[in-house]
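Summary of the model geometry
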Amino acid sequence: MTETIPTTDARVARAVDLVNREAELLDRTEYHEWEKLFAEDGIYVIPIDRETDDFAGSLNMVYDDARMRQMRVARMTEGYALAAVDSARTVRTVARFVPESVSDEEVVLRSAQILVAYKRGNHDLWAADLVHRIRFSPEGPEGDRIALKVVRLVNSDDAVPAAGFLL
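Per chain, residue numbering runs from 1 following the sequence as it is written. Per-residue local features are limited, in this predicted model, to residues with pLDDT of at least 70; the limit for side-chain atom pairs, both in listing and counting, is 80 or more; totals at the level of whole chains, interfaces and linings are taken over all residues. Side-chain numbers come from the whole structure's heavy atoms, not from hydrogens or water.

**Here we look at the nonpolar core**
Only buried residues count toward a nonpolar core. Its members are Ala, Val, Leu, Ile, Met, Phe, Trp, Tyr and Cys residues joined through side-chain atoms within 4.5 Å. Think of it in three bands: residues with accessible area under 20% of the maximum for their type are buried, residues over 50% are exposed, and the middle band is partly exposed, with areas taken using a 1.4 Å probe on protein chains only. Of all hydrophobic cores here, the largest spans 36 residues; its most connected members are W34, Y44, L109, V151, F165 and L167. Of all the secondary structure elements, the ones that give two or more residues to this core are helix 1 (10-27), helix 2 (31-36), strand 1 (38-47), helix 3 (66-77), strand 3 (89-102), strand 4 (106-119), strand 5 (122-135) and strand 6 (145-153). Every helix listed is a DSSP run of H or I at least four residues long, and every strand listed is a run of E at least two residues long, numbered separately from the N terminus. The element that contributes the greatest number of residues to this core is helix 1, accounting for 8 residues. Listed in part, the 7 residues of the second largest apolar core include I43, F55, V108 and V131.

**Focus on the pattern of salt bridges**
A side-chain nitrogen of Lys or Arg and a carboxyl oxygen of Asp or Glu constitute a salt bridge if their distance falls within 4 Å. If you walk through the whole model with that rule in mind, you get 15 salt bridges. For the salt bridge of D129 with R96, the shortest nitrogen-to-oxygen distance reads 2.9 Å. Here D129 is found in strand 5, whereas its partner R96 is found in strand 3, with 33 residues between them in sequence. Under the relative-accessibility criterion, D129 is labelled partly exposed at 23%.

**Re the layout of surface pockets**
Both cavities and pockets are sets of points on a 1 Å grid over the protein atoms alone; in a cavity a 1.4 Å probe fits but cannot get out, in a pocket the set is open with protein on both sides within 12 Å along at least five of seven lines, and lining residues sit with an atom within 4 Å of a point. Grid points are joined across faces, edges and corners, and a volume is the space filled by probe spheres set on the points. Put simply, the second largest pocket is a space of about 150 Å³. Lining the second largest pocket we find H32, E35, K36, F38, A39, E40, A66, R67, R69 and Q70. Of all the secondary-structure elements, those providing two or more residues to the lining of the second largest pocket are helix 2, strand 1 and helix 3. The dominant element in the lining of the second largest pocket, judged by the number of residues it contributes, is helix 3, at 4 residues. We call Asp, Glu, Lys and Arg charged. Ala, Val, Leu, Ile, Met, Phe, Trp, Tyr, Cys and Pro are nonpolar, and the rest, Gly among them, are polar. Of the residues assigned to the lining of the second largest pocket, the class counts are 3 nonpolar, 2 polar and 5 charged.

**Focus on the sheet that holds strand 4**
Where strands meet in a sheet, backbone hydrogen bonds hold them as pairs that are either parallel or antiparallel. Here the rule is simple: two strands pair whenever DSSP picks up at least two bridges between them. Taken together, 6 strands build an open sheet; the order of strands is 2-1-6-5-4-3 and the sheet is mixed. The open sheet terminates on both sides in strands that have one partner only, identified here as strand 2 (60-64) and strand 3. The mean inter-strand angle of the sheet, taken between neighbouring strand axes irrespective of direction, is 15°. As judged from the 8 bridges shared by strand 5 and strand 6, these two strands associate in the antiparallel manner. An axis is simply a line fitted to the C-alpha atoms; with a helix, the fit covers only the stretch in contact. Between two such axes, the angle follows the N-to-C directions and lies from 0 to 180 degrees.

**Focus on the pairing of strand 4**
One ladder, built from 11 bridges, connects strand 3 with strand 4; its direction is antiparallel. Note that in strand 4 the partner of P99 across the bridge is L109. Count of turn residues in the strand 3/strand 4 antiparallel hairpin: 3 residues. Direction of pairing for strand 4 relative to strand 5: antiparallel, over a ladder of 14 bridges.

Below, the structure is given as structure tokens:
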């Protein structure tokens, strides 16, 4: 039996705060601010295989390091891509936080995300299991960064439509 880490642990609460801040920035389409939440070596990944942890060796819908995140944010904000011009409005709920590991340097947190996207009179529902590895800053919560974000869509092995927003 593994030790249960309480969500009331101050380090877990600090990580949950960052995940909630990330969701808020994404819903407000503040993608430049969202990008700043990542560590320089941070990875944002949406794998096709829900079971894999070998993201570099697997096929992914998204596998973004800092350079790719920067390019993705530019496409979303500079108006040259259809995704930027005709993006959906989103509301996401992130819940069911389960700490996987906790140290004074980082927290690995699993959670569930439900995202509702509204575009051209239609609502789309996106559901995913998330994993965030939050790296703590000695300067305090404002310096904390996302070292890894994994979005495991419940329908990742089906045809997934293009999204005019970030998951």
